[in-house]
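Topology and contacts: notes
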Amino acid sequence: MSKIAALMPDERVVKFTRVTENSFYNYDEYYFQGKLICLEDIDGLKEEALFAWRELISNEQLSSSTSQKDENGNIRSAQRIVRGPMASICATTHGQIYEDNMSRMFIVAVDESSEQTKKIMNYQSKTASGTIEKKQEVEAKEFLQNCIRILKPLKVINPYADKIKLPPQAHKIRRLHELFLSFVKQVTLIHQYQRKRDDRGRIITEPEDLKTAVEIMFDSIFLKVDELDGSLRQFFEQLKAYVLAKENPQNYEFMQREIRHSLNLSKSATHRYLNNLLELEYLSVTGGYQNKGLRYKVSYWDNVVKLREQIKEYLNNQLDKL
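Attention in this report is confined to the structure presented alongside it.

Basis of the calculations
Residues numbered from 1 in each chain as written. Predicted model: local features only at pLDDT ≥ 70, side-chain atom pairs only at ≥ 80, totals over all residues. Heavy atoms only, no water. Helix = DSSP H or I, 4+ residues; strand = E, 2+ residues; numbered from the N terminus. Buried < 20%, exposed > 50% of the residue type's maximum accessible area, 1.4 Å probe, protein only. Contact = heavy atoms within 4.5 Å. Areas by Shrake-Rupley, 256 points an atom, 1.4 Å probe, with all protein chains shown as cover. Lys, Arg positive; Asp, Glu negative; His and termini not counted. Charge placed at Lys NZ, Arg CZ, Asp CG, Glu CD. Axes fitted to C-alpha atoms, helices over the stretch in contact; angles between N-to-C directions. Parallel < 35°, antiparallel > 145°, perpendicular 65-115°, else oblique. Nonpolar A, V, L, I, M, F, W, Y, C, P; charged D, E, K, R; others polar. Pairing = 2+ DSSP bridges.

On to the overall build of the chain. In terms of regular secondary structure, the chain is built from 11 helices and 10 strands. Projected onto its principal axes, the C-alpha coordinates of the chain cover approximately 80 × 55 × 50 Å. Each of the 322 residues in the chain was classed as buried or not, and the buried ones make up 33%. Taking contacts inside the chain between residues at least 6 apart in sequence as the whole, the part at least 24 apart equals 65%. When the accessible surface of the chain is summed, it comes to about 20300 Å², and 49% of that surface belongs to carbon and sulfur atoms. For the chain, the centre of its 48 positive side-chain charges and the centre of its 45 negative side-chain charges are spaced 1 Å apart.

This is the structure:
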């Protein structure tokens, strides 16, 4: 999240580590307009602060009734308004408990694969050895910031808005459809110097903008279809691969410690993942004791690869017709 925020113009970024319950209501009317709000850990926000943040996203303004003194010193009721629109980005380790928030935004799961770990470690090693030129990184960052600065807040029209239908099995598809159309507008807006305009000065979306939006946001769209959240899905796929390597995988029983050591996970993470899969009936308890350890087995073998291919084909078939 910090890396993404660093690519935005500094004057347009507002970072919060902690937000008190009513603080969003007390800002100047246009303070948040056109800015990126970064919530470094959403777990630290109280419900009232989360509610205000959601309202800024959905309705693009906050309206509250307050008391204030007039020029004669008398207490009067007054309306206070804080306006958007604004962009926001946040991080959490407990995405599934923020149902109201998740339906209003695109979800991106951290890539915890071994391949990504190798890339990160390789970058860290090159940085420590001086192989990576930091000056080039700074120049690239400043170039992207300046690209964003020259973008103008123009209107966008999408003549293909009714030509793309999202997967019907997607979670809360009404809001997801609105999110997708908004993202297509963002892609068009970024290409505003390459796009045609109508007689009213509005930028016109091209088919390639929709293709770009689907390509970039496919994983996030799929997370809205998948019953498991991103990190839980990654764990379950690793678990299935481990069990499938055993003899008679359909009936193979395992214990938490075995999985923890095999997949190199912490005790708390393994415990949380297994409990979540039990609640969703992807695993079942076959024996053991609570104080000595339970035995589990996979009771539902879904085919996430096939589902991904079906959804990608479903979207690409529509894009091809454009």
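Read on, since the account is not over.
Once that is clear, we can look at the packing of helix α8 (residues 230-244) against helix α9 (residues 256-263). Across the interface, α8 lies against α9 with an axial gap of 11 Å and an inter-helix angle of 100°. By the criterion of interaxial angle, the relationship of α8 to α9 is roughly perpendicular. Every residue of α9 that contacts α8 at Phe235, Gln238, Leu239 and Tyr242 is listed here: Glu258, Ile259, Ser262 and Leu263. Broken down by class, the residue content of the contact of α8 with α9 amounts to 5 nonpolar, 2 polar and 1 charged.

So, about the sheet that holds strand β5 (residues 87-90). An order of β1-β2-β5 is seen for the 3 strands of this open sheet, with the pairing classed as parallel. Of all the strands in the sheet, the pair left with one neighbour each is β1 (13-16) and β5. Here the strands of the sheet are splayed against their neighbours by 20° on average, with no regard to which way each runs. The pairing of strand β2 (residues 36-39) with β5 spans 4 bridges and is classified as parallel. Bridged to leucine 36 within β5 is alanine 87.

A few words now on the sheet that holds strand β8 (residues 254-255). Strands belonging to one sheet form pairs held by backbone hydrogen bonds; the direction of such a pair is parallel or antiparallel. The 3 strands are arranged β8-β10-β9 in an open sheet whose pairing can be described as antiparallel. Each end of this open sheet is capped by a strand with a single partner; those strands are β8 and β9 (283-289). The pairing of β9 with strand β10 (residues 293-298) spans 6 bridges and is antiparallel. Within the sheet, the bridge partner assigned to valine 285 lies in β10 and is tyrosine 296.

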